[in-house]
Amino acid sequence: MNITKANGKAEYALIDKLKKRAGETDSKIVDIVTTILNSVKEQGDAAVREFTVRFDGSVPKKTVIEKEELMSYLDIVDEDFKTAVIHAKENIYDFHLRQAQQSWMTTKANGVIMGQRVRGLKRVGIYVPGGTAAYPSSVLMNAVPAKIAGVEEIIMVTPPSKDGSPNPDIMAAAAIAGVDKVFLVGGAQAVAALAYGTEKIPKVDKIVGPGNIFVATAKKLLYGVVDIDMVAGPSEILIVADKTAKPAFLAADLMSQAEHDKLASSILLTTSLDIAKSTAKEISRQIKYLERQEIIEESLNNFGEIIVCENLDQAIEFANELAPEHLEMCVEEPLKYIGKIDNAGSVFLGNFSPEPLGDYYAGPNHVLPTSGTARFFSPLSVDSFIKKSSFIYYTEEELRKAKNEIVKLADTEGLTAHANSIKVRFE
């Protein structure tokens, strides 16, 4: 990895480079996905089958797995894996339960009643990738907060294996997380089916979950037809480290994100040149033993950087400007700085809180804003699966007191029918 000294220019040039990396989607992909969406909207399941055969080679004999059958996969998967998933689910549930909001109502002395009703969405769709990118952890992170929010039905879509069978680990995770039904279909056609509804696949109110560029593009184009979680870009990690950090830990954490994707970015900000050099050496040593070495190397070469800063304040200022998906604070007293970190998807404090702890187990959600959107977006949460309605009750006497001011506001805006709606009640 390249080592750069922060000078107010070099480090900010990196931000521009990363923004270009997450640029506009190729117009050819948009055209392909648009065709798929329109076909599924018009032809339903027939179009889903057609595109599944075209892209995946065949349609599995069995395409629907009901809740009862999902539970049977708990007897198939490795016991240690099942235990790990159950414990992770418990942690995720405990964290997200604290996010739950309650409906409320207030009654004033004059008889006016106002309030807000909070309730879960009726039906949500979860997209779970298949093949080499099959992540049971994503099932938990998407389904558990939806259950806490009170979503009535959780539908999952996921592509089957080449032999047409479902991934048993994904099915077991779905059973543990509380998924209601699974359809073995993937790609943009699966997203379209969830958005529009087909003869077999029910229409949902929101679609969440990661996917390839075709899935991400489909979600982006369908926003407005349904709600979506976010348009996710390549994965990111930014580590802030002082002289007390462990180079071996830093190197391992940087590569843990680099292995996701050749477009992933891994950046280290440190106040110590010795730490910078030692971390680079550790990367060279550790990478030899990792399976996804080629992806890691390309990611670090193109979008990795080690930047030596004058002090931690300078590093945190840059971190807030970059607004990374994951931010690790590998410093002597990490809790001192949490109040200064304004823009980050998730923050990991100390040498023994590595990013994979959050990916799998600790409890906070791993569906996080990327590409600098942590400046204004938040992680997936229980809030992502609720909707709110306000309500108002006025007595005749209280409306009479307010009528002249309401009429004045309406007349000022030129909306005479609005004004008339008030006046007519007192003529």
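Nothing here was measured: the structure is a model prediction, and the numbers come from that model.

Asker: Explain the pattern of salt bridges to me, please; I cannot follow it from the model alone.
Answerer: By the definition in use, this model includes 16 salt bridges. When the shortest N-O distance is used, the salt bridge between K62 and E69 registers 2.5 Å. Overall, K62 belongs to the partly exposed group, its relative accessible area being 44%. What makes E69 partly exposed here is its relative accessible area of 27%. In this structure, the salt-bridge partner of E397 is K401, at a minimum N-O distance of 3.8 Å. Taken together, the residues span about one helical turn, with E397 and K401 both in helix α15 (residues 396-412) at a distance of four residues. Considered together, E397 and K401 belong to a single accessibility category, that of exposed residues. Residues joined in a network through salt bridges with shared partners are E397, E398 and K401.

Asker: What is the right way to look at the nonpolar core in this model?
Answerer: It is characteristic of soluble globular proteins that their nonpolar side chains tend to be buried jointly. L70, V139, M156, M171, V179, V182 and F385 are the most contacted members of the largest nonpolar core, which has 43 residues in total. Those elements that place two or more of their residues in this core are α5 (79-97), β5 (123-127), α6 (136-149), β6 (153-157) and α7 (168-177).

Asker: Would you take a moment to explain the sheet that holds strand β8 (residues 206-208) for this structure?
Answerer: To summarise the sheet geometry, strands pair through backbone hydrogen bonds and adopt either a parallel or an antiparallel arrangement. With mixed pairing, the six strands of this open sheet are ordered in space as β2-β7-β6-β5-β8-β9. Of all strands in the sheet, those with a lone pairing partner are β2 (64-66) and β9 (227-228), marking the two edges. Two elements, β2 and strand β7 (residues 181-183), share three bridges in a ladder whose sense is antiparallel. The partner of I65 across the bridge, within β7, is V182. Along the sheet, helix α8 (residues 187-196) makes contact with β5, β6 and β8, crossing β5 at roughly 175 degrees.

Asker: Got a minute to help me understand the packing of aromatic side chains in this structure?
Answerer: Each pair of aromatic rings is reported with the distance of its centres and the angle of its planes. Enumeration over the complete set of coordinates arrives at four aromatic pairs. Geometrically, the ring pair formed by F51 and F55 is stacked, given 6.1 Å between the ring centres and 10 degrees between the ring planes. Here F51 and its partner F55 are both found in helix α3 (residues 45-56), four residues apart, which amounts to about one turn of the helix. With relative accessibility at 44%, the residue F55 sits in the partly exposed group. Ring centres of F376 and F377 lie 4.9 Å apart, and the angle between their planes is 65 degrees; on these two criteria the pair is classed as edge-to-face. Among the residues examined, F377 registers a relative accessible area of 46% and is labelled partly exposed. The positively charged end of K206 is found above the aromatic ring belonging to F385, 5.8 Å away from the centroid.

Asker: Quick question: what am I supposed to make of the pairing of β5 here?
Answerer: Consecutive residues of a regular strand have side chains that alternate between opposite faces of the sheet. For β5, the buried fraction is high: five of the five residues fall into the buried class. What you see with β5 is no split at all: R123, G125 and Y127 on one side and V124 and I126 on the other are buried throughout. Relative to β6, β5 runs parallel, the two being bridged by five bridges. Pairing of G125 across the sheet is with I155, part of β6. Bridge analysis of β5 against β8 gives three bridges, and the strand direction is parallel. Among the inter-strand pairings, G125 is bridged to a residue of β8, identified as I207.

Asker: I would appreciate a short explanation of the packing of α5 against α7 in the present structure.
Answerer: Packed helices, taken two at a time, are described by the angle their axes make and the gap between the axes. Two elements in contact, α5 and α7, have axes whose closest approach is 10 Å; the angle formed by their N-to-C orientations is 35 degrees. Regarding α5 and α7, the two cross each other, and that crossing is right-handed. Taken together, the residues of α7 that come into contact with α5 (itself represented by F81, K82, V85, I86 and K89) are D169, A172, A173 and I176. Split by residue class, the contact of α5 with α7 holds six nonpolar, no polar and three charged.

Asker: What should I look at first to understand the side chain of Q314 in this one?
Answerer: Tracing the chain through its elements places Q314 in helix α13 (residues 312-322). A polar contact is formed between the side chain of Q314 and the backbone nitrogen of E310, at a distance of 2.7 Å. Setting aside residues up to four positions removed in sequence, Q314 forms contacts with A6, E11 and C309.

Procedures and definitions
- Residues numbered from 1 in each chain as written.
- Predicted model: local features only at pLDDT ≥ 70, side-chain atom pairs only at ≥ 80, totals over all residues.
- Heavy atoms only, no water.
- Salt bridge = Lys/Arg side-chain N within 4 Å of Asp/Glu carboxyl O.
- Buried < 20%, exposed > 50% of the residue type's maximum accessible area, 1.4 Å probe, protein only.
- Helix = DSSP H or I, 4+ residues; strand = E, 2+ residues; numbered from the N terminus.
- Core = buried A, V, L, I, M, F, W, Y, C linked by side-chain atoms within 4.5 Å.
- Pairing = 2+ DSSP bridges.
- Contact = heavy atoms within 4.5 Å.
- Axes fitted to C-alpha atoms, helices over the stretch in contact; angles between N-to-C directions.
- Phe/Tyr/Trp six-rings, centres within 6.5 Å; stacked < 30°, edge-to-face > 60°.
- Lys NZ or Arg CZ within 6 Å of the ring centre and 35° of its normal.
- Left-handed = near helix turned anticlockwise from the far one by under 90°.
- Nonpolar A, V, L, I, M, F, W, Y, C, P; charged D, E, K, R; others polar.
- Polar contact = N/O pair within 3.5 Å; in protein donor to acceptor, adjacent residues only side chain to side chain.

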